[in-house]
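Listed here are the chains, written in short residue letters.
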Amino acid sequence: GGLVYCMEFLWQNISWLEDKISGLAKNTYLLIDCPGQVELYTTNDAVRDIVSRLVKLDIRLCAVHLVDSHYCADPAKFISVCLTSLCTMLQIELPHVNLLSKVDLVEKYGKLQFNLDYYTEVLDLEYLLDCFPEDNFTKKYRSLNEALTGLVTDYSLVNFVPVTVKSKERMLAVSQQVDKANGYVFGKGEERNLRNMMGSALGGADFEWAKTGDIRTQYMDPLAPESEKLGNDLDNV
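Residues numbered from 1 in each chain as written. Predicted model: local features only at pLDDT ≥ 70, side-chain atom pairs only at ≥ 80, totals over all residues. Heavy atoms only, no water.

(A) Highlighting the overall build of the protein. Regarding its fold elements, the protein presents 11 helices and 3 strands. Secondary structure elements of the protein, listed N to C terminal, follow the sequence α-α-α-α-β-α-β-α-α-α-β-α-α-α. Here the contacts in the protein between residues at least 6 apart in sequence split such that 74% fall between residues at least 24 apart. Approximately 14,700 Å² of the protein is accessible, and the part contributed by carbon and sulfur atoms is 55%. (Helix = DSSP H or I, 4+ residues; strand = E, 2+ residues; numbered from the N terminus. Contact = heavy atoms within 4.5 Å. Areas by Shrake-Rupley, 256 points an atom, 1.4 Å probe, with all protein chains shown as cover.)

The structure is reproduced here in structure tokens:
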């Protein structure tokens, strides 16, 4: 409860934060490192109220949510991650960029059940239910898991951008996504009107291989099984 108290205290003294930000130079690019306690962004209103106040001051914000990529190796944890990301997006109400961080360690705790694209694009989560262990506890809550995956799929808001500090290209792709989300790329100065806008539009190509191909080549086991699952109806053919 300590972090919750701190955020509520900050909200009650929001004028202090406003004074600190107003003292910055006009074109300052502000990075705010928020605490990782999930309750702050899913159930408690303090962070949402602070963000709303800053937006009213014409501070153009976007939220960047980092999730450890090794959760992809555990179906239950990945569903939980998707649900947490969705709740955060709906609660904070900002342009949102979800990141799969430390993607160079994506298979540290086990092989992925599907292609990496399946997890970044959050495709057909119901296929993950077939990867759950066949025990009495899991069977008991299968209907609940089906409802949770259906909720995430129905909103169709969650996807992830893979990133690792070992790749400059991946860091640049994240920078372009964030600049586009908060509107920085559309601002004035530094010749951003054309050069940066075109860089963000074209630099992060939407071809499937451009999204995850380098990661599969460099950081994932090249000895993939012949019957690798795709995460769609073709797995049943």
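Picking up after the structure, the text goes on.
(B) The packing of aromatic side chains, seen in detail. All chains considered together, the criterion is met by 8 aromatic pairs. Both rings, one in Phe-78 and one in Tyr-119, keep their centres 5.1 Å apart while their planes meet at 85°; by these two values the pair is edge-to-face. Pair noted here: Phe-78 is in helix α5 (residues 75–92) and Tyr-119 is in helix α6 (residues 116–120), with a separation of 41 residues, a long-range link. As far as burial versus exposure is concerned, Phe-78 and Tyr-119 are alike and both buried. Seen in terms of ring centroids, Phe-78 and Phe-160 are 6.0 Å apart; in terms of plane orientation they differ by 50°. Their pairing is tilted. Remark: Phe-160 occurs in the loop between α8 (142–155) and β3 (161–162) and Phe-78 occurs in helix α5; sequence separation between them is 82 residues. Across the pair, Phe-160 and Phe-78 agree in class, each one buried. (Phe/Tyr/Trp six-rings, centres within 6.5 Å; stacked < 30°, edge-to-face > 60°. Buried < 20%, exposed > 50% of the residue type's maximum accessible area, 1.4 Å probe, protein only.)

(C) Molecular detail of the environment of Arg-60. Along the chain, the position of Arg-60 falls in the loop between α4 (46–56) and β1 (63–68). Note on Arg-60: relative accessible area 60%, which makes it exposed. Expressed as a C-alpha distance, the spacing of Arg-60 and Leu-94, which sit 34 residues apart in the sequence, is 9.5 Å.

(D) Just the side chain of Glu-18, in detail. Mapped onto the fold, Glu-18 is located in helix α2 (residues 14–22). On the accessibility criterion, Glu-18 (19% relative accessible area) is buried.

(E) Just the sheet that holds strand β2 (residues 96–101), in detail. If you walk across this open sheet you meet the 3 strands as β1-β2-β3, and the pairing is parallel. Taken across any chain shown, the strands that pair with only one partner, and hence form the sheet edges, are β1 and β3. Summarising the sheet, β2 and β3 pair through 2 bridges and their orientation is parallel. Residue pairing for β3: Leu-99 is matched across the bridge by Val-161. Where helix α9 (residues 168–182) meets the sheet, it contacts β1, β2 and β3, and its direction lies at approximately 165° from that of β2. (Pairing = 2+ DSSP bridges. Axes fitted to C-alpha atoms, helices over the stretch in contact; angles between N-to-C directions.)

(F) Geometry of α9. With 15 residues, α9 should cover 21 Å at 1.5 Å per step; its first-to-last C-alpha distance of 21 Å lies within 8% of that length. Gly-183 sits one or two positions beyond α9 and adopts a positive phi of about 85°. (Expected span 1.5 Å × (residues − 1).)

(G) How the structure looks around the pattern of salt bridges. For the structure on display, the rule yields 7 salt bridges. When the shortest N-O distance is used, the salt bridge between Arg-53 and Glu-18 registers 2.9 Å. Of this pair, Arg-53 sits in helix α4 while Glu-18 sits in helix α2; the two residues are 35 residues apart in sequence, bridging distant segments of the chain. Between Asp-49 and Arg-48 there is a salt bridge, and its shortest N-O distance comes to 4.0 Å. Overall, the relative accessible area of 24% leaves Asp-49 in the partly exposed class. (Salt bridge = Lys/Arg side-chain N within 4 Å of Asp/Glu carboxyl O.)

(H) How the structure looks around the pairing of β1. Only one face of β1 is buried: it carries Ala-63, His-65 and Val-67, and the other face, with Val-64, Leu-66 and Asp-68, is open. Read from β1 through α5 to β2, the crossover connection turns out right-handed. (Right-handed = clockwise from strand over helix to strand, strands pointing away.)

(I) Structural view of unusual backbone geometry. Of note, Asp-58 is a non-glycine position whose phi angle comes to about 65°, a positive value. For Asp-58, the position within the fold is in the loop between α4 and β1.

(J) Representation of the packing of α5 against α8 within the structure. Two numbers describe how α5 lies on α8: the axes approach to 10 Å, and their chain directions differ by 45°. When the interaxial angle is binned, α5 and α8 end up oblique. Pair α5 / α8 crosses with left-handed handedness. Where α5 approaches α8, its residues Ile-79, Cys-82, Leu-83, Leu-86 and Leu-90 are matched on the opposing element by Leu-148, Thr-149, Leu-151, Val-152 and Tyr-155. In terms of residue class, the contact of α5 with α8 is built from 9 nonpolar, 1 polar and no charged. (Parallel < 35°, antiparallel > 145°, perpendicular 65-115°, else oblique. Left-handed = near helix turned anticlockwise from the far one by under 90°. Nonpolar A, V, L, I, M, F, W, Y, C, P; charged D, E, K, R; others polar.)

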